[in-house]
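# Summary of the model geometry
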Amino acid sequence: MTEINSLPLFQVDSFADRPFVGNPAAVVPLEAWPSDPLLQSIAAENNLAETAFLVPAGDAHELRWFTPTVEVRLCGHATLAAAYVLVACLGHEAGAVRFDTRFSGRLTVTRDGDGRYWLDLPRHDCEPAAAPASLLEAMGAGPADVRAGPNWLLRFEREADVRALRPEMRLLAALPERGVIATAPGDDDGIDFVSRYFAPNFGVDEDPVTGSAHCMLAPYWAAELGKTALRARQISARGGELWCEPDGERVRVGGHAMLYLTGEIHLPSAANHRGAQRRTE
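Residues numbered from 1 in each chain as written. Predicted model: local features only at pLDDT ≥ 70, side-chain atom pairs only at ≥ 80, totals over all residues. Heavy atoms only, no water.

### Points about the pattern of salt bridges
Overall, the coordinates contain 21 salt bridges when judged by the stated rule. In this structure, Asp100 engages Arg106 in a salt bridge whose closest nitrogen and oxygen atoms are separated by 2.8 Å. Ionic pairing is found between Arg233 and Asp188, a salt bridge with its closest N-O pair at 2.7 Å. Of this pair, Arg233 sits in strand E15 (residues 230-234) while Asp188 is found in the loop between strand E12 (180-185) and strand E13 (193-199), placing the two residues 45 residues apart along the sequence. By relative accessible area, which is 21% here, Arg233 ends up partly exposed. What makes Asp188 partly exposed here is its relative accessible area of 40%. One salt-bridge network, held together by shared partners, links Asp36, Arg64, Glu71 and Arg102. (Salt bridge = Lys/Arg side-chain N within 4 Å of Asp/Glu carboxyl O. Helix = DSSP H or I, 4+ residues; strand = E, 2+ residues; numbered from the N terminus. Buried < 20%, exposed > 50% of the residue type's maximum accessible area, 1.4 Å probe, protein only.)

And the structure:
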């Protein structure tokens, strides 16, 4: 049995260069894996879009991400937050930070001279598709282009169209497996495209800034605009900025991060939490 009495907790604003913007993520460093129900309970209690859990593993850390309701296959902003915590808070050397993940393989994060963290993520291509009627009804507006990949990608003509969206979350929550990206060309100089991301079927109505969505957005807009280096803005209520560079089968996504709080999670022994134990698989 793994005794757990207290766990460190960090909350980081990812894709943010100042407080109270970007996407908040909780980061919980562990010495060994407890039970999955305990991980999910902590994520639900944190009630943030994502909680990242990491365990040392040789020259890397094993990394998993949980929303308040489910474990997810890939999360960009919580990966950035985990790298930030290791480098800025826990003394990891500021070279490459390596994460081994269950569903997305090895992810590497580096830091540049401007203080941006760069995530090396898998590229997600998308194909033209017919949107389900329920999706169009839920969005309440017709896109100019519809693509399907790990998420639905809906391209609109203008940034104002994306800002004006008020999706019916009940209908979106009934869509299986995919979140919904709404995107358009950016209005401001230097911003190539904007986006919003909705995933009520994963426990997150609207995500403030979504690194993993740019695994689809970056190659899509690179092809549309004929550019290999793009600057993006997610126009949620909090908002955040990202730099994107498609590179073969990978996408580099860069952004800043800010530490918001540190604390401790207090728990009784792991035996009281459905048999938490060191993971051996």
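Having seen the structure, we can now continue with the description.
### Some thoughts on the environment of Pro68
With respect to the helices, strands and loops of the structure, Pro68 is situated in the loop between strand E4 (60-66) and strand E5 (71-72). Those residues within four positions of Pro68 in sequence are excluded, and the remaining contacts are Gln40, Ala43, Ala44, Asn47, Leu48, Ala49 and Gly203. (Contact = heavy atoms within 4.5 Å.)

### Brief notes about the nonpolar core
Membership of the largest hydrophobic core comes to 50 residues, with the highest contact counts inside it found for Trp65 and Phe99. Element by element, the count of residues in this core is highest for helix H2 (residues 76-89), at nine residues. Membership of the second largest hydrophobic core comes to 20 residues, among which are Val146, Leu154, Phe156 and Val194. (Core = buried A, V, L, I, M, F, W, Y, C linked by side-chain atoms within 4.5 Å.)

### So, the pairing of strand E16 (residues 240-247)
Relative to E16, E15 runs antiparallel, the two being bridged by five bridges. In the sheet register, Leu230 faces E16, and the bridge partner there is Cys244. The hairpin formed by E15 and E16 contains five residues between the paired strands, and Gly239 there has a positive phi angle of roughly 75 degrees. Hairpin connection from E16 to strand E17 (residues 250-255): two residues lie between these consecutive antiparallel strands, with Gly248 at a positive phi of about 65 degrees. (Pairing = 2+ DSSP bridges.)

### Comments concerning the pairing of strand E14 (residues 204-207)
Of the pairings in the sheet, the one linking E13 to E14 comprises three bridges and is antiparallel in character. Bridge pairing links Phe198 to Glu206 in E14. With antiparallel pairing between neighbouring strands as the criterion, E13 and E14 make up a hairpin whose turn holds four residues, including Gly203 at a positive phi of roughly 90 degrees.

### Notes on the packing of aromatic side chains
To describe a pair of aromatic rings, you give the distance between the ring centres and the angle between the ring planes. Inspection of the entire model under this criterion finds five aromatic pairs. On the basis of an interplanar angle of 90 degrees and a centroid distance of 5.4 Å, the ring pair of Tyr220 and Trp221 is categorised as edge-to-face. For the pair shown, Tyr220 and Trp221 are each scored as buried. The structure contains a cluster of three or more aromatic residues connected by ring pairs, namely Phe193, Tyr220 and Trp221. It is Arg64 that lies over the ring of Trp33; its NZ or CZ is 5.2 Å from the centre. If you follow Arg178 out to its NZ or CZ, it ends over the ring of Trp152, 4.8 Å from the centre. (Phe/Tyr/Trp six-rings, centres within 6.5 Å; stacked < 30°, edge-to-face > 60°. Lys NZ or Arg CZ within 6 Å of the ring centre and 35° of its normal.)

### Concerning the confidence of the model for the chain
Summary statistics for the chain give a mean pLDDT of 92 and a share of 94% for residues scoring 70 or more. Throughout residues 270-281 the model reports pLDDT below 50, and contacts reaching past four residues in sequence, or to other chains, amount to 29 contacts. (pLDDT = per-residue confidence, 0-100.)

### So, helix H6 (residues 214-225)
Quick reminder: α-helices carry 3.6 residues per turn. Residues three or four places apart thus point the same way. Burial within H6 is extensive, with nine of its twelve residues counted as buried. Listed as buried for H6 are His214, Cys215, Met216, Leu217, Ala218, Pro219, Tyr220, Trp221 and Ala222.

### Section: the environment of Arg178
Of note, Arg178 is situated in the loop between helix H5 (169-173) and E12. Expressed as a C-alpha distance, the spacing of Arg178 and Phe193, which sit 15 residues apart in the sequence, is 21 Å. Setting aside residues up to four positions removed in sequence, Arg178 forms contacts with Ala148, Gly149, Pro150, Asn151, Trp152, Asn201 and Phe202. Only 2.7 Å separates the side chain of Arg178 from the backbone oxygen of Gly149, close enough to count as a polar contact. (Polar contact = N/O pair within 3.5 Å; in protein donor to acceptor, adjacent residues only side chain to side chain.)

### Observations regarding the side chain of Asp207
Following the sequence through the fold, Asp207 ends up in strand E14. There is no salt bridge for the buried Asp207, and the closest opposite charge comes from Arg238, which lies 8.9 Å off by N-O distance. Engagement of the side chain of Asp207 in a polar contact is seen with the side chain of Asn23, the distance being 2.9 Å. Among the polar contacts listed, one links the side chain of Asp207 to the side chain of Thr210, at a separation of 2.8 Å. Here Asp207 is in contact with Asn23, Ala49, His77, Tyr197, Gln234 and Ser236, once residues within four sequence places are set aside. (Lys, Arg positive; Asp, Glu negative; His and termini not counted.)

### Topic: H2
The terminal C-alpha atoms of H2, which comprises 14 residues, lie 19 Å apart, in line with the 20 Å expected from a rise of 1.5 Å per residue. Three or more residues of H2 are buried, namely Gly76, His77, Ala78, Thr79, Leu80, Ala81, Ala82, Ala83, Tyr84, Val85, Leu86 and Val87. (Expected span 1.5 Å × (residues − 1).)

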